[in-house]
Amino acid sequence: MDFDRLLEIGIKPEFPHGAIKWTRAFSSAAASGAGFKPADRKGGGGGGGKPAGQGDAKGKGGNDGSLEGKLANAEHGKVVTRFPPEPSGYLHIGHAKAAMLNHYYAKSFGGKLILRFDDTNPALEKQEFADSMTADLARLEIKPDRVTHTSDYFDYLQKLCEDLIIKGKFYVDDTPQAQMHEEREQGTENDRRRQSPEENVKLFKEMVAGSKKGQECCVRAKMDMQSKNKCLRDPVMYRCKVDAVHPRHGTKYKAYPTYDFACPVVDSHEGVTHALRTIEYKDREPQYQWVIEAAGLRPVNIQEFSKTQFSHTVLSKRKLTKFVEAGLVDGWDDPRFPTVQGVLRRGMTVEALLEFVTGIGASKNNNLMEWDKIWAINRQKIDPVTPRYPAVNKDGAVKFSLVNGPEKPEGKIDKKHQKNDDLGTRLIYLTKEVYLEQDDAALIEKGEEITLMHWGNAFVDEISKDAAGKVTALKGRIHPEGDVKKTKKKLHWVPVLDSQLTEFTMREFDHLITKAKIEDDDVLDDLINPQSQLDTLCIGDPLLKTLQKGDKLQLERRGFFIVDQVAISSRNQQLVLVAIPDGKSKGMSVVQAKIDPSKLQGGSKSLTPEQRAKLEKEVEEQGDKVRGLKANKAPKDEVDKAVAVLLELKKKLGGDSKKADSKEQAKAAPADSGKKEKKGAAKAAAAPEADRPLDDVSRLDIRVGVIKEVWEHPDSDKLWCEKIDLGEPELRNIGSGLRAHVSKEEMLGARVCVLANLKEKKLAGFPSHGMVLCASPTGDGVVELLRAPDGAKIGERVGFDGYGGEAEPTLTQKKNKDALAAVAPSLVVNDQCQATYKGVVFTTSAGPVTCKSNKGGKIS
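Just so we're clear, the structure is a prediction, and the values are computed from it rather than from any experiment.

## Points about the overall build of the chain
Stage number 1. Assigned secondary structure in the chain consists of 20 helices and 41 strands.
Stage number 2. Restricting the contact set of the chain to residue pairs at least 6 apart, pairs at least 24 apart contribute 69%.
Stage number 3. Here the chain displays about 40100 Å² of accessible surface, and carbon together with sulfur accounts for 49% of that area.

Have a look at this one:
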């Protein structure tokens, strides 16, 4: 990770904030050639700040993710860090963070990085794992200055252990393991603690020889059996392992040092100045320092950082090994695995991984992170540089016959990426018949003009369906004079050239684990997702056959993919494309994926309709319970427990409970912290893209809700007052001017669409937090509710094909910034009574949003 490479990565200033500081710090150090100096906090370049480690320890940001000023007692040119993995598995994303941090600090201070394999447990270690770790670090562009093994120092450690026994610092204990554990729990000393050094040395030599008596013994440090910190209650320093064969030394050694003994000793012996350890080792820090002092060794600075934890993810090498050995995955590089090889095989880039790690930096906050952030960064890296190709699901593909299409296939050259000429061009075949996606065909209306991407417009004159209503064929004609800007549907397609098309497998992955956070008492087998890999047979562009393993691409209107297996016709080997998550909760279009993208944010295994209905009922009942407790002013801890149950139910349902979660946290915060919390939240909120048009409907946050209560406004004969369930812990108060049009009976229980990101507005004194959307008649008639289908999830966001941006946190009504006013003229009801925006249908997980009869009516 040299300076030029860092700048090449192109970290964007808006995210993450820690990364921009890191970039400035690096560029400053590179420019000056002097000691590392963080950027001036008051804004400016790099020369004015204090050297790292000499800043104010009580300064602002002492526990954030920034890396600057975080290495105490560091001197330029003298810093030595180490990355000490145990070679008992493959590197995972948690190891990657540790390796990158050690590498960063060593290089930024002009120091050295040691890669040390902690090979002190031969029963678990293999040379295969050590080799894979070395290769993975190379993939991450981490080049250690020195590679060592703890086993290089076994003779030294053995001699030091004997010296400490002679000095009375260590003793040998043959107490049975269960009894020893109980004594440590109770803080009880046993007689072995008072054994003479001579007897202890004698027993230690039995251990070194691997004798029967030696195998009953272990060496313990004589620390403090009454310490409140149980890590100091005489921990084990050496133990016997006679049956295991060491990968490097075979059966030469029978006794091995523990990590608690070897780590501080070898750190000091190798000249390490700063030992970076995860916060979980906090209680072991006094133990580390005790060993250093007892052995009379040079002290080492300890630097702590948070352990990386991801939702629905196992990072334990022991548990990951179970998955591999049980055949639940196809190896340590399985794309579902959090290993470095696994995430790279799934389409992660090294640049994205680097930016993510620098963003979270050396923070000590232990947070359960979702995968969406890192995949969103990855999307930013690959989107500008991946070629585009069309493909459709083979099952259900609809043949669209063009009566005036070319009698013989014609070729057309087009860009592989409309915004990147460097990717070159591809040959597109124009044919008399083309294949469309079934999901697209189902939404086409007879007589509608559509756009065939990269070709032009066409009219659909005939639609054939089977008895079940499924589209089986379309017939139409090319419209060369058509304006692609005026069509509602821009569809991808593939030519009907069956002998030349690429048949391939599109592979999607869900989480391996069905629970967000795995607890110590959870049974792993109960949490395994039995359907974490789903395959779809597709047909696509003939050029897909030419792709090589590891190539990344975008299937138009489907998503990003990476080639996992190349096509080799001579071996009957089919192309396999693995879906790359993009950090978004919705797909690119109406074409449905087998894995709901929102589940990759918070994750849950696929639910049957019966399971979903049951969970929805439980959510509703628990929501009523929460509201009842609050109404009755129940104790806060009781309310908090009920809210926690509600949020867990929502996660199982797969809905978006983040807003509800943040609202409850905000309510629980002290009153005087409210302003700070709001300010922080505003910074964290994703701002709409700067180049997104004002009339982009995705700026609106339209959600499915159910009206739970309705009553007449006491001071206005036009208003209904409602309480609406939007999947949040509390019902929303919303006022609607519908009393002259919609009866109370029709309102109550209706599944409606609510514009949820409006500012609070007082309607005749009633505080309204949103707007129920309705369809107005074109002539005589009454206003009608827009209704979501019964199967739509409460709280889910209504989608629009082709519009996938984030909603504005709150819509503004300022001049030239009013998105609602810009969007409103294009909100109308079509001839099928479906709600549309510029002809694009309002869609939910259960189907389109509709009204009763107001065809052509305006939506407001």
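## Concerning the pairing of strand β17 (residues 433-436)
Remark: a regular strand shows side chains that alternate across the two faces of the sheet.
Stage number 1. Direction of pairing for strand β14 (residues 398-402) relative to β17: antiparallel, over a ladder of four bridges. The partner of S401 across the bridge, within β17, is E433.
Stage number 2. Pairing between β17 and strand β22 (residues 494-495): two bridges, direction antiparallel. Looking at β22, one finds that V434 is bridged to P495.

## A look at the pattern of salt bridges
Stage number 1. Tallied over the full model, the rule gives 49 salt bridges.
Stage number 2. In this structure, D333 and R345 form a salt bridge, with 3.3 Å as the shortest nitrogen-oxygen distance. Taken together, the positions of D333 in the loop between α10 (317-325) and α11 (340-345) and R345 in helix α11 put the pair twelve residues apart, joining distant regions of the chain.
Stage number 3. Note on D333: relative accessible area 27%, which makes it partly exposed.

## Considerations on the packing of helix α8 (residues 259-269) against helix α9 (residues 285-294)
Stage number 1. Two elements in contact, α8 and α9, have axes whose closest approach is 9 Å; the angle formed by their N-to-C orientations is 60 degrees. When the axis of α8 is compared with that of α9, the two are oblique. The way α8 lies across α9 gives a crossing that is right-handed. Taking contact as the criterion, the partners of D260, F261, C263, P264, V265, D267 and S268 in α8 are, on α9, Q287, Y288, V291 and I292.

## Side note on the packing of aromatic side chains
Between two aromatic rings, the relevant description is the distance of the centres plus the angle of the planes.
Stage number 1. Summed over all chains, the structure comprises 20 aromatic pairs.
Stage number 2. With a centroid separation of 5.1 Å and an interplanar angle of 80 degrees, the aromatic rings of F154 and Y253 are classed as edge-to-face. Of this pair, F154 sits in helix α5 (residues 154-166) while Y253 sits in the loop between β6 (236-240) and β7 (255-257); the two residues are 99 residues apart in sequence, bridging distant segments of the chain.
Stage number 3. The buried category is assigned to F154, whose relative accessible area is 1%.
Stage number 4. Look at F170 and F261: their rings are 5.4 Å apart centre to centre, the planes differ by 75 degrees, and that puts the pair in the edge-to-face class. Taken together, the residues span a long stretch of sequence, with F170 in strand β4 (residues 170-173) and F261 in helix α8 at a distance of 91 residues. The pair F170 / F261 is uniform in exposure class, with both members buried.
Stage number 5. It is R739 that lies over the ring of W720; its NZ or CZ is 5.6 Å from the centre.

## Some remarks on the sheet that holds strand β39 (residues 840-841)
Stage number 1. On the basis of which strands lie adjacent, the open sheet formed by three strands has the order β37-β38-β39 and antiparallel pairing. Edge positions in the open sheet fall to β37 (827-829) and β39, since each of these has one partner strand only.
Stage number 2. Direction of pairing for β37 relative to strand β38 (residues 835-837): antiparallel, over a ladder of three bridges. Note that in β38 the partner of L827 across the bridge is Y837.

## Considerations on the nonpolar core
Stage number 1. Core analysis: the largest hydrophobic core is formed by 48 residues, its most contacted members being F83 and I374.
Stage number 2. Every element with two or more residues in this core is listed here: α3 (93-108), β2 (112-117), α4 (127-139), α11, α12 (350-360), α13 (372-382), β26 (559-565) and β27 (575-580).
Stage number 3. Per-element tally for this core: the top contributor is α3, with nine residues.
Stage number 4. Those residues in contact with F83 that sit more than four places away from it in its chain are L91, H95, A98, A99, N102, L113, I114, L115, R116 and L137.
Stage number 5. Ranked by size, the runner-up nonpolar core spans 41 residues in total, among them V272, Y288, V291 and A294.

## Thoughts on the side chain of H246
Stage number 1. Topologically, H246 is positioned in the loop between β6 and β7.
Stage number 2. Note on H246: relative accessible area 3%, which makes it buried.
Stage number 3. If we ignore the near neighbours within four places in the chain, the residues touching H246 are D119, P122, E125, S151, F154 and Y256.

## A few points about the pairing of strand β30 (residues 732-736)
Stage number 1. Most of β30 is tucked away: four of the five residues are buried.
Stage number 2. Sheet topology note: the strand β29 (residues 720-725)/β30 ladder contains five bridges and is antiparallel. Bridging across to β30, I724 finds its partner in R732.
Stage number 3. The antiparallel pairing of β29 with β30 creates a hairpin that spans six residues between the two strands, and G727 there sits at a positive phi of about 80 degrees.

## Description of the sheet that holds β27
Stage number 1. Judged by pairing direction, the sheet is mixed, and its seven strands sit side by side in the order β12-β25-β26-β27-β23-β24-β13 without closing on themselves. Looking at which strands have only one partner, the edges of the open sheet turn out to be β12 (388-389) and β13 (391-393).
Stage number 2. Direction of pairing for β12 relative to strand β25 (residues 552-555): parallel, over a ladder of two bridges. Within the sheet, the bridge partner assigned to R388 lies in β25 and is Q554.

## A look at unusual backbone geometry
Stage number 1. One non-glycine residue, E141, lies in the positive phi region at around 65 degrees.
Stage number 2. Position of E141 relative to the elements: it lies in the loop between α4 and β3 (146-149).
Stage number 3. The class of E141 is partly exposed, set by a relative accessible area of 27%.
Stage number 4. In the Ramachandran plot, C833 falls in the positive-phi region, its phi being about 65 degrees despite a non-glycine side chain.

## What to know about the packing of α5 against α8
Stage number 1. Packing of α5 against α8 brings their axes to within 11 Å, and their N-to-C directions diverge by 110 degrees. One element, α5, and the other, α8, form an angle in the roughly perpendicular class. Two packed elements cross with a definite hand, and for α5 against α8 that hand is right-handed. Here Y156, L157, L160, C161 and L164 of α5 come into contact with α8, specifically with F261, A262, V265, V266 and H269.

## Notes on the confidence of the model for the chain
Stage number 1. Mean pLDDT for the chain: 83, with 84% of residues reaching 70 or above.
Stage number 2. Confidence drops under pLDDT 50 across residues 1-65; counting only partners more than four residues distant or on other chains, this segment forms 106 contacts.
Stage number 3. Scored below 50 in pLDDT, residues 602-606 makes 21 contacts in the model with residues more than four places away or belonging to other chains.

## Section: the environment of G779
Stage number 1. Among the structural elements, G779 can be located in the loop between β35 (774-775) and β36 (784-785).
Stage number 2. Sequence separation of G779 and G857 is 78 residues, and the distance between their C-alpha atoms is 8.9 Å.

## A closer look at helix α7 (residues 197-209)
Helical periodicity: at 3.6 residues per turn, an α-helix aligns residues three or four positions apart in one direction.
Stage number 1. Spanning 13 residues, α7 covers 18 Å between terminal C-alpha atoms, matching the ideal 18 Å at 1.5 Å per step.
Stage number 2. The secondary structure elements touched by the buried residues of α7 are α5, β4, β5 (218-221), β6 and β7.
Stage number 3. G210, located one to two residues past α7, shows a positive phi value of around 75 degrees.

## Describing the environment of V829
Stage number 1. Tracing the backbone through its elements, the reader meets V829 in strand β37.
Stage number 2. Residues V829 and G856, 27 residues apart in the sequence, show an inter-C-alpha distance of 4.8 Å.
Stage number 3. If we ignore the near neighbours within four places in the chain, the residues touching V829 are A775, Q834, C851, N854, K855, G856, G857 and I859.

## Concerning the side chain of D818
Stage number 1. Positionally, D818 belongs in the loop between β36 and α20 (819-823).
Stage number 2. Buried and unpaired, D818 has no salt bridge, with R699 as the nearest side chain of opposite charge at 9.7 Å.
Stage number 3. In terms of polar contacts, D818 uses its side chain to reach the backbone amide nitrogen of A821, at 3.1 Å.
Stage number 4. Residues contacting D818, with those up to four places away along its chain left out, are L694, T812 and Q813.

Procedures and definitions
- Residues numbered from 1 in each chain as written.
- Predicted model: local features only at pLDDT ≥ 70, side-chain atom pairs only at ≥ 80, totals over all residues.
- Heavy atoms only, no water.
- Helix = DSSP H or I, 4+ residues; strand = E, 2+ residues; numbered from the N terminus.
- Contact = heavy atoms within 4.5 Å.
- Areas by Shrake-Rupley, 256 points an atom, 1.4 Å probe, with all protein chains shown as cover.
- Pairing = 2+ DSSP bridges.
- Salt bridge = Lys/Arg side-chain N within 4 Å of Asp/Glu carboxyl O.
- Buried < 20%, exposed > 50% of the residue type's maximum accessible area, 1.4 Å probe, protein only.
- Axes fitted to C-alpha atoms, helices over the stretch in contact; angles between N-to-C directions.
- Parallel < 35°, antiparallel > 145°, perpendicular 65-115°, else oblique.
- Left-handed = near helix turned anticlockwise from the far one by under 90°.
- Phe/Tyr/Trp six-rings, centres within 6.5 Å; stacked < 30°, edge-to-face > 60°.
- Lys NZ or Arg CZ within 6 Å of the ring centre and 35° of its normal.
- Core = buried A, V, L, I, M, F, W, Y, C linked by side-chain atoms within 4.5 Å.
- pLDDT = per-residue confidence, 0-100.
- Expected span 1.5 Å × (residues − 1).
- Lys, Arg positive; Asp, Glu negative; His and termini not counted.
- Polar contact = N/O pair within 3.5 Å; in protein donor to acceptor, adjacent residues only side chain to side chain.

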